[in-house]
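Here is what each chain is made of, one letter per residue.
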Amino acid sequence: MSVLPWLVAAWLFGVGVYGVATSRNFIHLIGCLSVCQSSTYVLLLSLGYRWKAVAPIFYDHPPGTLAVDPVVQALVLTDIVVGATITALLLAMALRVDAKHGTLDPQELRPLQGEGH
Amino acid sequence: MLTQLIPLVVVGPMAIAAALLALAHVLPRYVPDVIAIATALGLSAFCGLLGAYALNHGPLTYWFGGWTPGRGVVLGIGFGVDPASAALAAFVGLLFAAAFVFAWGYFDEVHAHFHVLMLLFLAAMVGFCLTRDLFNLFVWFEVMSVSAFALTAYQLETPSLSGALNFTVTNSVAAFMMLGGVGLIYARAGVLDFEALGKVVAGAGHDPVIAGAFCLLAGALMIKGAILPFHFWLSDAHAVAPSPVSVIFSGAMVSVGLFALLKLALQVFGASADSRFLMHGLFIGLGCATSVVGGLMAWGQRHLKRMLAFSTIAHLGIMLIAVATLSATGVAGFLFYAVGHGLVKGALFMIMGILLATKASVDELDLKGLGKDIWPAGIAMGLGGLLLGGGPLGALDTGTRLVHAAAIAIGPLATAAIVLGSALTGAAVLRATGRIFLNLGPDPGDEAEAPSQKDQEKADRPLWLMLAPCLLLLLLAIVPVDGAKLIVARMAGVLASPRSADGAPPLPGTSLVLPCLSIGLAIIIALLDLFRERLPRPLVSATAGGTQIIFRGLKVLHSGLVGDYVVWIVIGLATFSIAFAFH
């Protein structure tokens, strides 16, 4: 297996986290989070990849044909579903915040800070 | 026979949640409450039954779809019911039942969305406890997170939404880390079953990929378990969630996260020298730091729910110390501690709910002397504070003493951190009790106009209805549990090595000295804080200067900005890898 997918995954995670850490707009931040998540797709798919292998569907291949690992593909599929749920929930919350508060800047939306005394 | 019924623990609550969602608009008003309470109680009883069976006949395993392992290949996804996991699941069910009773009539709307989300949350937590498949663990982690995010934001006000956004973003990063860890270890092992993974890890020796997987998985679970420097989301989320939800968050969700870390460390990475190195070194240090910082932050809060949230962080630090020892005593101590802490903290969050419903505030200074007419809540809160502070009574105390016994090998610093953490959190609750219910302390004057938001929870619920589940939890928390020590020791033994049938080592005897020291310290700190004005002035100003600097520093760190929290997560992960560099 080539080292390239690992580097791509690490890079995607890194830029995603950088985006989340520096973002000044929640919609942008949610986009960065999705970038972060796509690093896990790349990682998982590259883990299961085999050179010169077919898709794991044996309808028109004899059993025993070298195929890519179907388990990681199932994992990625599950992860996409979960990711979509979370993104939808986050976007719904962000819209709600915008409607209530008129801003999407995390700096202006700090949760309540308990004051010391 | 019993094995075939295991999937019901997750299918049951989910099916009932779906049915409630479909039928809620035609059901009479309180029917969803009754159904939810019955489901949680039934689930708790069933998990208890499974646990008792597993204790006598060995752990049960259920393979979904009949995919039993064959010819040495584990392809299926299994639920493994060992006594400790089942007991924790039963406790979670009980806590949910109490929270449902407390939430009776809390939500006006007819669609029972609260009950649906809570039942989904319950199913996810039970699945999280019982699964023996790493990817399945991730799925339950996510289901648990999604329902928790939605429940945090339930009130759809600005504070709850911004708290929920911070919670969602940090815990999503945790999920990505976890998935990355799952991917890495799958790349090495080609299986996802705990037991099969454990065998591969045992045969691998020093492997950077496995070490990396452990770092990512541990980091993810420590975000869920709110360990320094991953803890920031907790105080934002727990402070703004509806009180019945905070009961579950603080009482069960976070400690279940640490339980998963314990299970992985024992069953998957048990034979890995790298993971042991990290657990015995860095993680114990993080546990100590979490305990002290959480305690200090709790003591410095005037927003009571935020104070309890930081107190939860402190106690999670203590639980991490127990987990990280990886010893039978530590594991048994963790099990007692998780249950005891869950009961006490659940009860305390219910009292916050009572204050919010009857007094429309959870600001300590704002509420000074206003608690006289709801004095039973004051007694309960005082008792909760004493138990948190280390009062020698019940499950939390048994757990604390076992953790102390396990931590003796580490050195006096760990012991001091545990004592200080529990004393400070106990002192914070006792101080608030004294101020609100006994009208102690100086008059706040202008300070009473709190900078914290006004918030009220639904007011027209009878006091006894809210107080009953709270008192029940406290009653369970003070029941002496020394008799259960033998059973819990066996549970801990099975957790460490599910296959071996040898008897568990007896738990060490424990002394009364440290609990008394801790509770004494808690009472003294609370009294000193309440009667600051009567102390000699030079003494006050000298100590005030020092504490001011510490609190200001800690407050700057707890910025409330999600970007900062994510940076802290990266710093935490970097610390893990730096620790490895010294291995």
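All of these numbers come straight from a predicted model, not from anything done at the bench.

Each helix and strand in chain A was counted, giving 3 helices and 0 strands. In summary, chain A has a C-alpha radius of gyration of 20 Å against a globular reference of 13 Å for 117 residues, an excess of more than 25%. By principal-axis analysis of the C-alpha atoms, chain A measures approximately 70 × 30 × 25 Å. Put simply, 53% of the contacts in chain A that link residues at least 6 apart link residues at least 24 apart. A total of about 6200 Å² of accessible surface is found on chain A, and carbon and sulfur atoms cover 68% of it. Averaged over its 6 positive side-chain charges, chain A has a centre that lies 1 Å from the centre of its 7 negative ones.

In this section: the interface of chain A and chain B. At the interface, 41 residues of chain A touch 57 residues of chain B. Both faces considered, chain A and chain B share a buried interface measuring about 4400 Å² in area, 76% of it formed by carbon and sulfur atoms. One can count 0 salt bridges joining chain A with chain B. Where chain A packs against chain B, one counts 1 residue pair in polar contact (both at pLDDT 80 or more).

Time to look at the nonpolar core. All names here are of chain B. Counting residues in each nonpolar core, the largest one holds 236 residues, and the members touching the most others are Phe121 and Phe283. With 19 residues, helix α13 (residues 328-359) is the single largest residue contributor to this core. Ala423, Ile525, Ala526 and Phe551 belong to the second largest nonpolar core, which has 9 residues in total.

Right, let's talk about the confidence of the model for chain B for a bit. Residues of chain B with pLDDT of at least 70 account for 96%, and the chain-wide mean is 87. In the model output, the complex is listed with pTM 0.92 alongside ipTM 0.91.

Now for the pairing of strand β2 (residues 78-81) of chain B. All names here are of chain B. Covered by surrounding structure in β2 are Gly78 and Gly80 together with Phe79 and Val81, the residues of both alternating faces. Bridge count for strand β1 (residues 60-63) against β2 is 4 bridges, and the pairing is antiparallel. Paired with threonine 61 across the strands is glycine 80, a residue of β2.

Definitions and limits used
Residues numbered from 1 in each chain as written. Chains lettered and ligands numbered in written order. Predicted model: local features only at pLDDT ≥ 70, side-chain atom pairs only at ≥ 80, totals over all residues. Heavy atoms only, no water. Helix = DSSP H or I, 4+ residues; strand = E, 2+ residues; numbered from the N terminus. Rg over C-alpha atoms; globule rule 2.2 N^0.38 Å. Contact = heavy atoms within 4.5 Å. Areas by Shrake-Rupley, 256 points an atom, 1.4 Å probe, with all protein chains shown as cover. Lys, Arg positive; Asp, Glu negative; His and termini not counted. Charge placed at Lys NZ, Arg CZ, Asp CG, Glu CD. Buried area = accessible area lost by both parts, 1.4 Å probe. Salt bridge = Lys/Arg side-chain N within 4 Å of Asp/Glu carboxyl O. Polar contact = N/O pair within 3.5 Å; in protein donor to acceptor, adjacent residues only side chain to side chain. Core = buried A, V, L, I, M, F, W, Y, C linked by side-chain atoms within 4.5 Å. Buried < 20%, exposed > 50% of the residue type's maximum accessible area, 1.4 Å probe, protein only. pLDDT = per-residue confidence, 0-100. Pairing = 2+ DSSP bridges.

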